[in-house]
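Chain and residue survey
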Amino acid sequence: LFVCLFVCLFVWKRRRMSVHSVHIYPIKSCGGISARQALVERNGFRFDRKWMVVDEEKNRMVTQRKCPELARVRTALPVEALTISDPTAVRGALTVSVDDRTLEVPLEERVWGLARRKATVWSFTAEGCLDEGDEAADFFTKLVKFPCRLVRFNEDCTRRTEEGFAPRGQTAFSDGFPFLVATRESLDAVNDQLELQGDEKVPMDRFRANVVLQGLGEPFVEDRIKQIQIESAEPTIFDLVKPCSRCTVTTVDQEAGQGTGRQPLQALTTIHSGKKAEYGRKEWDRVPFFGWNGVVDPSMIGRVVSVDSAARVMSTRDEK
């Protein structure tokens, strides 16, 4: 067994792995942006899950779980805003569109003229988030058909990641961690199972990953990877800390903004439940998983991750 593990580790470290794609989702549960480069900040890639739609009455998150039509919202950012080193120099606007309607949200934080409100994502409530105003509220209210507001995360807030997995990590409006890493090989395995069951294949956007890797050779190898390095101008190391359990958002067609039934959850449960992956947690046995949640050390802040950059495994869960 030791010899097998050693050989596997040697093979992974020698493979030509690379970054297939990089994705940023400025507004939680809305359409994402495929970027050539993205800058690492304390809460994830710059502008990732920086904004969130909340219901006006209780200030709680509104997501595709309840409102799949949010998937139809398209977002765009100035390319230079994604990587400029000085955040105070960021200019321009987040462009938000759906159907024939467009909204421009300034990237500069406006201190005057806008209200502050709290915003709750799961059990965490961020105080003093910037309310982006009535025009933005009207834009999303018309889409989801109930009163809501668009809020921007308050950078003075600290939202810690799950203590049992990454007690020193931080995030903004993501579900729980600042980065999600997935692989093309694992998506291929899901699609092979869908095809076997007579269902249509799904694109990677169903899983809303931030970094998609390729060249790992087999599906779900990420289960055994503890730390991976992206070889950009300055290497960026990601710690993969918790497998990502999947919910009904994966069943939403990200172009049409409509649910599609139980797939790919059904196929994923068949081939990669917690039990199939041998995670060793009884409560995860029947839960489908895809991708790994990641965090970075504070020393990685300010580094840029680029598409096509080489990647290499730094350590695995098999290593003592």
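In this report, the structure presented in the accompanying data block is examined. In this text the structure is predicted, and so the values were computed from the model without any measurement.

1. Some words on unusual backbone geometry
- Here the residue pair Gln 263 and Pro 264 is connected by a cis peptide bond, since its omega of 10° sits within 30 degrees of zero.
- The residue Pro 264 is located in the loop between β19 (258-259) and α4 (265-272) in this model.
- Notably, Phe 47 is not glycine yet its phi reads approximately 70°, a positive angle.
- With respect to the secondary-structure elements, Phe 47 resides in the loop between β4 (44-45) and β5 (51-55).
- Overall, the relative accessible area of 6% leaves Phe 47 in the buried class.
- The phi torsion at Trp 122 lies on the positive side, around 55°, for a residue other than glycine.
- When its relative accessible area of 40% is taken as the criterion, Trp 122 is described as partly exposed.

2. Considerations on the packing of helix α3 (residues 184-196) against α4
- Their axes nearest at 9 Å, the elements α3 and α4 cross at an angle of 110°. On the basis of their axis angle, the class for α3 and α4 is roughly perpendicular. In this structure, α3 meets α4 at a crossing whose hand is right-handed. Packed against α3, whose contacting residues are Ala 189, Val 190, Gln 193 and Leu 194, the element α4 presents Ala 267, Leu 268, Thr 270 and Ile 271 at the interface.
- Class assignment of the residues belonging to the contact of α3 with α4 gives a composition of 6 nonpolar, 2 polar and no charged.

3. Some details on the layout of surface pockets
- Considered as a void within the structure, the largest pocket measures approximately 810 Å³ in volume.
- Every element with two or more residues in the lining of the largest pocket is listed here: β12 (159-160), β14 (179-183), β17 (236-245) and β20 (289-295).
- A per-element tally of the lining of the largest pocket places β17 first, with 4 residues.
- Partitioned by chemical class, the residues of the lining of the largest pocket number 14 nonpolar, 9 polar and 11 charged.
- One number sums up the size of the second largest pocket: a volume of about 350 Å³.
- As for the second largest pocket, its lining consists of 18 residues, of which Arg 168, Gly 169, Val 296, Asp 297 and Pro 298 are closest to the centre.
- Split by residue class, the lining of the second largest pocket holds 10 nonpolar, 2 polar and 6 charged.

4. Observations concerning the sheet that holds β5
- In spatial order, the strands read β5-β11-β10-β9; together these 4 strands make up an open sheet with antiparallel pairing. Edge positions in the sheet fall to β5 and β9 (116-121), since each of these pairs with one other strand and no more. Adjacent strand axes in the sheet meet at a mean angle of 50°, parallel and antiparallel pairs treated alike.
- Two strands pair when backbone bridges link them, and β9 and strand β10 (residues 124-131) are joined in this way by 5 bridges, in the antiparallel orientation. From the neighbouring strand, Arg 117 faces β10, where its bridge partner is Cys 129.
- Running over the sheet, helix α2 (residues 134-144) touches β5 and β11 (148-152) and is turned about 130° from β11.

5. Regarding the environment of Phe 173
- Note on placement: Phe 173 falls in the loop between β13 (170-171) and β14.
- On the accessibility criterion, Phe 173 (0% relative accessible area) is buried.
- As a C-alpha pair, Phe 173 and Ala 119 span 54 residues in sequence and 9.2 Å in three-dimensional space.
- Not counting the four nearest positions on each side in its chain, Phe 173 is found in contact with Lys 28, Arg 49, Lys 50, Trp 51, Met 52, Ala 119, Val 121, Cys 129, Val 151, Arg 152, Phe 153 and Arg 159.

6. Quick look at the environment of Val 53
- One can find Val 53 in strand β5.
- Sequence separation between Val 53 and Glu 163 is 110 residues; the distance between their C-alpha atoms is 26 Å.

About the cut-offs
- Residues numbered from 1 in each chain as written.
- Predicted model: local features only at pLDDT ≥ 70, side-chain atom pairs only at ≥ 80, totals over all residues.
- Heavy atoms only, no water.
- Helix = DSSP H or I, 4+ residues; strand = E, 2+ residues; numbered from the N terminus.
- Buried < 20%, exposed > 50% of the residue type's maximum accessible area, 1.4 Å probe, protein only.
- Axes fitted to C-alpha atoms, helices over the stretch in contact; angles between N-to-C directions.
- Parallel < 35°, antiparallel > 145°, perpendicular 65-115°, else oblique.
- Left-handed = near helix turned anticlockwise from the far one by under 90°.
- Contact = heavy atoms within 4.5 Å.
- Nonpolar A, V, L, I, M, F, W, Y, C, P; charged D, E, K, R; others polar.
- 1 Å grid on protein atoms, 1.4 Å probe; cavity = no way out; pocket = protein on both sides within 12 Å on 5 of 7 lines; lining within 4 Å.
- Points joined across faces, edges and corners; volume = space filled by probe spheres on them.
- Pairing = 2+ DSSP bridges.

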